[in-house]
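For reference, the chains in residue letters:
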Amino acid sequence: MSELQLVQILSPEGELLTDPEYPLEISTEEIRALYRDLVMVRRFDVEATALQRQGELGLWAQSLGQEAAQVGSGRALIPGDYAFPTYREHGVAWAKGVPPEKLLGMYRGINHGGWNPHDNDFHLYTLVIGSQTLHATGYAMGIQRDKSNNAVIAYFGDGATSQGDVNEAFTFASVYHAPVVFFCQNNQWAISQPIESQTKVALYKRAAGFGFPGVRVDGNDVLAVLAVTRVALARARAGEGPTLIEAFTYRMGAHTTSDDPSRYRLAQELEEWKLKDPIARVKSYLTRSGLANEDFFADIEKEAEAMASKLRGDIIDAEDPYVEAIFDHVYAEPHPILEAEKNAYINYLESFAEGDMK
Amino acid sequence: MITIGKAINMGLRRALTEDPKVLVMGEDVGKLGGVFRVTENLQSEFGEDRIIDTPLAESGILGTAIGLALRGYRPVCEIQFDGFVYPAFDQITSQLAKMHSRSLGTLKLPVVVRIPYGGGIGAVEHHSESNETYFAHTAGLRVVTCSNPNDAYWMIQQAIQSDDPVIFFEPKRRYWDKAEIDEAAPSLGLHETRTVQEGNDLTLISYGPTVRTAIEVAAVCAKEGRSVEVMDLRTLSPLDLAPVFESAQKTGRVVILHEAPTFLGLGAEIASQITEECFYSLDAPVLRVGGFNVPYPPARLEEHYLPDLDRTLDAIDRAFAF
Ligand SMILES: Cc1ncc(C[n+]2csc(CCOP(=O)(O)OP(=O)(O)O)c2C)c(N)n1
Ligand SMILES: [Mg+2]
């Protein structure tokens, strides 16, 4: 698929371009901060991957290569804007301020979520492909009725665009002008299936059929993603309804740590995408324009290392859940069957503790 | 020696070879061969027209499978994990299950839905559910599950040959269990319960992933001088309970073991039917061992959730205490 109409502000070589439709007002400090975000998010992901390899996590879904799409869109949000992630949006979680170690809980198998969504306006990860786009739309309908100045962003993958739920979310958001931004990270793959097996039309063009604008942005260009997402959020806030953003990017790692991409894709493809790395281009821009020196980069590396080693310590020390947790939060109100099952099971466990084994 | 996963692969290959109308469709079933490699190498052998990598949409998979079946094909759909069948629930329960009866028998829907199910693999949410009851509760569907390679090999072929829709549950934590298979002829029909080992004191009924648990339980009981008869249901809808009644009348004690939550699970139906048929032969109420009535817990708690050797022995003790 050709990269038609790709919004780009920072070329892969690190040249600053301008796009009249998406003017970006941004200070040097902000660009330096975005660079730091990208490095921290990648380091986080590398550490989590290592933790999985060492048996500390059961599974990990890498964000490697998608940092700009996630950080750029995440940083476009203002407080009170609510994000609905898939299972891969570690960079958005970072931008939203979710403590990194909390993202590891479900992958370690100690919980199914692990953070309070209200703390950071960042919903729990959703594993069922596409479901969260409808939740995002409904949340946006609530914001609309509250006459609040916030908006919602729904994340999903290229594969997810085939699901009925996603298409229903487009329809609902469109007919109600819901203040929601549909942020699709087209990372070219849904496990082993290439984008061509999901669609014959560029994804961003689908929006037109639903009656709202769609735009394709270079998903490895953090500045372009920031600019495009800001415009989409502004439209949503102004009551102009949804926008579909297709962030054109690449899943540089395996689908998850259980996956072996060598079975279905060529190594050459990864090599080509490495030339468009989201972090390298910001670094070369900052270096070439003299906006950052070696110390700046070295300090961030150091900070990232410290974050990674804290993460490692936090997760290895994380307590296993207590047994009653199986029963404790199934219902908001007391439930007789669960009460009985819980008591019976605890008694049963205690019978072992008393050495009462057969 | 062949694994359960490989046996299903071999069964599919044989069905594809013998009947050109058989198709395989699902997410990642082609080049990747499925996330459990059950469809490995089928696409290179039978081509992309017959081994179809579908868009990521379960309702789409089932809905188009129905259309293909109406046109004379025999689609075998793969649902990647148990917890991802629900987007297809409408197509399965309202459409697939009912079309034959709505058409007064004119339309045949020979669709197989393969679902890797159950826990015990340390997975994240939605990858460990035992949701067979939803389907067994729906008239118009046949529901079966295998517990060993030989059954896996034959039952998948029998399911494909059935003119009714069949939900085919695969015990994913047992995919790697190995045994010999007999490629000459099946030992049982698709809808027949098997007596795995005979015993006189108690009947232990199970299916799918917990059959192996049941066999281990029987071995422990044997050492304690209790002779346990182990039965593998194999067919969940329709149930084949005649051999179960016969066994219950012989032993007088019955325990049913499955991973699914016990509330309104298969065990409840079986217990009720045994009570009706064998009331005067029973020395104890029919007991159930199963999952708790909660969402499947995170991996680090699943050993508590899964009915294991000890919980089954505990139930057996209780059955003998009456
Ligand atoms: C309803 C549903 N079906 C199947 C799956 C299994 N599955 C997990 S991720 C995935 C591919 C998702 O691809 P995409 O939407 O492109 O997101 P990406 O993983 O590339 O970020 C599939 C098929 C699932 N999680 N949910
Ligand atoms: Mg993808």
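Quick caveat: nothing in here was measured; it's all calculated off a predicted structure.

Concerning the sheet that holds strand E14 (residues 287–291) of chain B
All names here are of chain B.
Move 1: Across the sheet, which stays open at both edges, the 5 strands sit in the order E9-E11-E10-E13-E14 with mixed pairing between neighbours. Two strands close off the open sheet at either side, each with one partner strand: strand E9 (194–197) and E14. On average, adjacent strands in this sheet sit at an angle of 25 degrees to one another, irrespective of strand direction.
Move 2: Judged from the 3 bridges that link them, E9 and strand E11 (residues 228–232) form a sheet pairing that is antiparallel. Within the sheet, the bridge partner assigned to Arg194 lies in E11 and is Asp232.
Move 3: Taken strand by strand, helix H8 (residues 210–223) contacts E9, strand E10 (202–206), E11 and strand E13 (254–261), and its axis lies near 170 degrees from that of E11.

Comments concerning the environment of Lys178 of chain B
Residues and elements named next belong to chain B.
Move 1: Within the secondary structure, Lys178 is located in strand E8 (residues 178–179).
Move 2: Given a relative accessible area of 55%, Lys178 falls into the exposed group.
Move 3: Non-local contacts of Lys178, meaning those with residues more than four positions away in its chain, are made with Met1, Ile2, Thr3 and Pro149.

Topic: the pattern of salt bridges
Move 1: Per the counting criterion, the structure on display carries 36 salt bridges over all chains.
Move 2: For the salt bridge of Arg74 of chain B with Asp163 of chain B, the shortest nitrogen-to-oxygen distance reads 2.9 Å. Here the residue Arg74 of chain B occupies a position in strand E4 (residues 74–78), and Asp163 of chain B occupies one in the loop between helix H7 (149–161) and strand E7 (166–171), the gap between them amounting to 89 residues.
Move 3: Given a relative accessible area of 37%, Asp163 of chain B falls into the partly exposed group.
Move 4: Of the charged contacts in the structure, one is a salt bridge between Asp177 of chain B and Arg212 of chain B, with a shortest N-O distance of 2.6 Å. Taken together, the residues Asp177 of chain B in the loop between E7 and E8 and Arg212 of chain B in helix H8 connect sequence positions 35 residues apart.
Move 5: Judged by relative accessible area, Asp177 of chain B falls into the buried class, the value being 18%.
Move 6: Here Arg212 of chain B falls in the partly exposed class, since its relative accessible area comes to 38%.
Move 7: What you see here is one network of salt bridges that share partners, running through Arg43, Glu47, Glu305 and Arg312 of chain A.

Re the coordination of the magnesium ion (ligand 2)
Residue and element names in this part refer to chain A.
Move 1: Coordination of the magnesium ion (ligand 2) by the protein comes from Asp158 (OD), Asn187 (OD1) and Trp189 (O), over a distance range of 2.1 to 2.2 Å.
Move 2: Residue class for Asp158 comes out buried when judged on its relative accessible area of 1%.
Move 3: Among the residues examined, Asn187 registers a relative accessible area of 5% and is labelled buried.

Observations regarding the domain arrangement of chain A
Move 1: Per the domain assignment, the segments making up chain A are domain 1 (28–316) and domain 2 (322–358).
Move 2: Computed over C-alpha atoms only, the centres of domain 1 of chain A and domain 2 of chain A are separated by 39 Å.

Here we look at the packing of helix H3 (residues 58–70) of chain B against helix H4 (residues 89–96) of chain B
Residue and element names in this part refer to chain B.
Move 1: Taken N-terminus to C-terminus, the directions of H3 and H4 make an angle of 30 degrees; their axes are 7 Å apart at the nearest point. The angle between H3 and H4 falls in the class roughly parallel. Only Gln91, Ile92, Gln95 and Leu96 of H4 make contact with H3, whose side of the interface consists of Ser59, Leu62, Gly63 and Ile66.

A word on helix H11 (residues 278–288) of chain A
All names here are of chain A.
Move 1: Residues of H11 that are buried: Pro278, Ile279, Arg281, Val282, Tyr285 and Leu286. One side of H11 holds all its buried residues, which, seen down the axis, span an arc of 165 degrees.
Move 2: Contacts from the buried residues of H11 go to helix H1 (28–53), helix H2 (67–74), strand E7 (214–218), helix H9 (222–237) and helix H12 (294–317).
Move 3: Directly after H11, the chain includes Gly290, whose backbone phi takes a positive value near 65 degrees.

What to know about the domain arrangement of chain B
Residue and element names in this part refer to chain B.
Move 1: Looking at the assigned domains, one finds that chain B contains domain 1 (2–179) and domain 2 (194–321).
Move 2: Measuring from the centre of the C-alpha atoms in domain 1 to the corresponding centre in domain 2 gives 27 Å.
Move 3: Listed per partner, the contact involves 26 residues of domain 1 and 24 residues of domain 2.
Move 4: The interface formed by domain 1 and domain 2 holds 4 salt bridges in total.
Move 5: Among the ionic pairs, Glu259 bridges to Arg173, the shortest N-O distance being 2.5 Å.
Move 6: Summed over the shared surface of domain 1 and domain 2, the number is 15 residue pairs in polar contact (both at pLDDT 80 or more).
Move 7: Among the elements of the structure, helix H6 (132–136), strand E6 (142–145) and H7 are those that each provide at least two residues to the side of domain 1 that touches domain 2.

A look at the interface of chain A and chain B
Move 1: Residue-level contacts link 41 residues of chain A with 42 residues of chain B.
Move 2: Summed over the shared surface of chain A and chain B, the number is 2 salt bridges.
Move 3: For Glu40 of chain B, the salt bridge goes to Arg263 of chain A, with nearest N and O atoms at 2.7 Å.
Move 4: Across the chain A-chain B interface, the total number found is 14 residue pairs in polar contact (both at pLDDT 80 or more).

Here's the deal with the sheet that holds strand E3 (residues 51–53) of chain B
Residue and element names in this part refer to chain B.
Move 1: Pairing within the open sheet is mixed, and its 7 strands lie in the order E3-E2-E4-E5-E7-E6-E12. At either margin of the open sheet sits one strand with a lone partner, and together these are E3 and strand E12 (235–237). Averaged over all neighbouring strand pairs, the angle between strand axes comes to 20 degrees, with direction disregarded.
Move 2: Summarising the sheet, strand E5 (residues 112–117) and E7 pair through 6 bridges and their orientation is parallel. Directly across from Val113, in E7, lies its bridge partner Ile167.

Some thoughts on the site of ligand 1
Move 1: Taken together, 20 residues lie near ligand 1, and Tyr87, Arg88, Leu127 and Gly159 of chain A together with Glu58 of chain B sit nearest.
Move 2: At the site occupied by ligand 1, the surrounding residues belong to chains A and B.
Move 3: Trp189 of chain A places a main-chain nitrogen or oxygen 2.9 Å from an oxygen atom of ligand 1.
Move 4: Between Glu58 of chain B and ligand 1, the recorded distance is 2.5 Å, taken from a side-chain N or O atom to a nitrogen atom.

How each quantity is defined
Residues numbered from 1 in each chain as written. Chains lettered and ligands numbered in written order. Predicted model: local features only at pLDDT ≥ 70, side-chain atom pairs only at ≥ 80, totals over all residues. Heavy atoms only, no water. Pairing = 2+ DSSP bridges. Helix = DSSP H or I, 4+ residues; strand = E, 2+ residues; numbered from the N terminus. Axes fitted to C-alpha atoms, helices over the stretch in contact; angles between N-to-C directions. Contact = heavy atoms within 4.5 Å. Buried < 20%, exposed > 50% of the residue type's maximum accessible area, 1.4 Å probe, protein only. Salt bridge = Lys/Arg side-chain N within 4 Å of Asp/Glu carboxyl O. Donors = N, O, S within 2.8 Å, 3.2 Å for Na, K, Ca; no water. Domains from an automatic or database assignment. Parallel < 35°, antiparallel > 145°, perpendicular 65-115°, else oblique. Arc of directions from axis to C-beta. Polar contact = N/O pair within 3.5 Å; in protein donor to acceptor, adjacent residues only side chain to side chain. Near = heavy atom within 4 Å.

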